[in-house]
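This is what each chain is made of:
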Amino acid sequence: MSEKVSHRGLVVAAIMASMAMIAIEATIVSTAMPQIAAQLGQLNLYSWVFSAFLLSQTALTVVFGKLSDIYGRKPIVLAGIAVFLVASILCGFAWSMPSMIAFRLLQGIGAGAIQPVAMTVVADLFPGSQRGKVQGYLASVWALSAVVGPLLGSVIIHNLPWAWIFWINVPVGLAAAAAFILFYHEEKHTRTVSIDILGAVLFAVSISALMIGLTVSETGLSTSAIVSFVLFAVSLALFIWQERRVEEPMVAPDLWLYRPIAAANISVFFASMAIMGLTTFLPMYVQTVLNQSPLVAGFALTMLLLGWPCGATIASRQFMRFGLRPIMLVGAVLVPSGTFLLTLLTPSSSAVLAGAGSLVMGFGMGLLNIGALILTQGSVTASQRGSATASNVFSRNLGSTLGAAILGAVLSWGLVHTTSGQAITTDQLRALLNGTGLVSGDAEAVRLALQDGLHATFLTMLLFAVLIVPACLFVPRDAVHKDEPVRA
């Protein structure tokens, strides 16, 4: 134990580096994708470059969390880094859009192993009184990556071949892997259990089918979407049947239904749905309806990234004093409060109001996410900690995906059913965003239609955010973190 403790700082650095690769991936790739897509062609597959990564990451997060409980954290996280780096190299050599999508799927598999297991390592290394502080550091990595990613992406795309968007991961990943190998010494696992392979396959198939259905139905309920949802329902039913009959299930029902974990996961699920709406639609509102520059829109969204680490830092330092339930409840109130400010936006509003809503939502998310993660990890034994942490990460990712699909559908409906009775086309919206192709009268009509559509979207976000409060009220009043976890 002493050897492991003496190197904890270096292990945390390795965790932060490995998490930074995943955190920066979305923003840096989104910055460069227009140029990449222009070279590779097949623009109709553009969105799948992002969906493929999230699909495989979400579908396999829970599986890798369980495997880390069986075989140990170190081999799983190292395997995840290896897969992620190989996929990053292959992405740089992609010769077509389908090949890029395939390599992004592989990259998502690596991310699905890295993220939950690295977060579990923190819980293994640090006692409850210190765990929240380190998790707060990890939260700051995500906030910093959201700011650095677009800047770094712009620099690379203007000065280097676009392949370096992906290859920049290689030195970071190799350094993280070396630190894990040299400085992370975990106790040998002696568990000999049968692996629920069928359960893992059925779970991955069901979640993949759900996410594919949500992705393809954003533009309308097609035959592909219906087939995907049917496959999801069938594979989910088979998965539940499988988990009830095996001795060592891949997803233990008693773990997921355990009251503290269920409350924590439900709260971050709804919070992620609301935050996805903020990050996706607030910049559009500021640029189009408020007629502000992209720089102002970026500053409004940056308030989220300022509030989030501040909330996470306070939560990590104060939860031992006030308890996890009060910390989570404050966050649960702040998230809908910030969302409510967004529903007050009108074409004559100041961008300051948009930034204030973003700041309040970010502060609430920092309190809520850290509290939920600490509660989840502290409610189980060490042998279940990987699975519990993975369930929390899975809930966040699924909430983001479902939120994007639902809110995108709400916006599409709003643009068709405007108060003026004039439906807005995709070409008109693109022309307004590009600042070309619309005369002043048409531009004003599109702005008013966007006001209606985005207002409906913000109201839907508020509904999601309000649901966080009853989820946090479900957290037991005596839910305090213990260094000797309660068995689920």
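About the thresholds
Residues numbered from 1 in each chain as written. Predicted model: local features only at pLDDT ≥ 70, side-chain atom pairs only at ≥ 80, totals over all residues. Heavy atoms only, no water. Helix = DSSP H or I, 4+ residues; strand = E, 2+ residues; numbered from the N terminus. Buried < 20%, exposed > 50% of the residue type's maximum accessible area, 1.4 Å probe, protein only. Areas by Shrake-Rupley, 256 points an atom, 1.4 Å probe, with all protein chains shown as cover. Salt bridge = Lys/Arg side-chain N within 4 Å of Asp/Glu carboxyl O. Phe/Tyr/Trp six-rings, centres within 6.5 Å; stacked < 30°, edge-to-face > 60°. Core = buried A, V, L, I, M, F, W, Y, C linked by side-chain atoms within 4.5 Å. Contact = heavy atoms within 4.5 Å. Axes fitted to C-alpha atoms, helices over the stretch in contact; angles between N-to-C directions. Parallel < 35°, antiparallel > 145°, perpendicular 65-115°, else oblique. Left-handed = near helix turned anticlockwise from the far one by under 90°.

Enquirer: Sorry if this is basic, but what is going on with the overall build of the protein chain here?
Expert: Counting secondary structure elements, the protein chain contains 19 helices and 0 strands. For the protein chain, with 488 residues in total, the buried portion stands at 55%. Carbon and sulfur atoms provide 69% of the accessible area of the protein chain, an area that totals close to 19,900 Å².

Enquirer: Before we go on, may I ask you to explain the pattern of salt bridges in this structure?
Expert: Oppositely charged side chains can form a pair if their charged atoms are brought close together. Going through the model one piece at a time under the given rule, you end up with 3 salt bridges. R73 is paired through a salt bridge with D69; the nearest N and O atoms lie 2.7 Å apart. Both residues of the pair, R73 and D69, belong to the buried class. Note on R73: relative accessible area 2%, which makes it buried.

Enquirer: Teacher, can you tell me more about the packing of aromatic side chains here?
Expert: Ring pairs (aromatic) are described by centroid distance and by the angle formed between their planes. Summed over the entire model, instances satisfying the criterion amount to 10 aromatic pairs. On the basis of an interplanar angle of 50° and a centroid distance of 5.1 Å, the ring pair of F93 and W167 is categorised as tilted. Of this pair, F93 sits in the loop between helix 4 (73–92) and helix 5 (97–125) while W167 sits in helix 7 (residues 164–167), and the two are 74 residues apart along the sequence. Relative to F394, the ring of W256 lies with its centre 5.7 Å away and its plane at 70°, an arrangement referred to as edge-to-face. One end of the pair, W256, is in helix 11 (residues 253–256); the other, F394, is in helix 16 (residues 385–416), with 138 residues separating them in the sequence.

Enquirer: Please explain the nonpolar core as it appears in this structure.
Expert: For soluble globular proteins, nonpolar side chains are generally found buried alongside one another. Counting 111 residues, the largest nonpolar core has I15, L282, L454, F458 and I468 as the members making the most contacts within it. Here L454 is in contact with F281, M284, Y285, V289 and L411, once residues within four sequence places are set aside.

Enquirer: Explanation requested: the packing of helix 14 (residues 324–343) against helix 15 (residues 351–378) in the structure shown.
Expert: How two helices sit against one another is set out by the angle between their axes and by the gap between those axes. The contact between helix 14 and helix 15 brings their axes to 7 Å, and the two run at 155°. The orientation of helix 14 with respect to helix 15, classified from their angle, is roughly antiparallel. In the crossing of helix 14 with helix 15, the sense of the turn from one axis to the other is left-handed.

Enquirer: Where do I start with unusual backbone geometry in this structure?
Expert: For residues besides glycine, phi is generally negative; the peptide bonds are generally trans as well. For N291, which is not a glycine, the phi torsion comes out positive at approximately 60°. Checked against the element boundaries, N291 lands in the loop between helix 12 (259–288) and helix 13 (294–322).

Enquirer: When you look at the environment of M276 in this model, what are you seeing that I'm missing?
Expert: Here M276 is to be found in helix 12. The exposure class assigned to M276 is partly exposed, which follows from its relative accessible area of 22%. As a C-alpha pair, M276 and G399 span 123 residues in sequence and 8.3 Å in three-dimensional space. Look past the residues within four positions of M276 in its chain and what remains in contact with it is S400, G403 and A404.

Keep in mind these values describe shape, not function.
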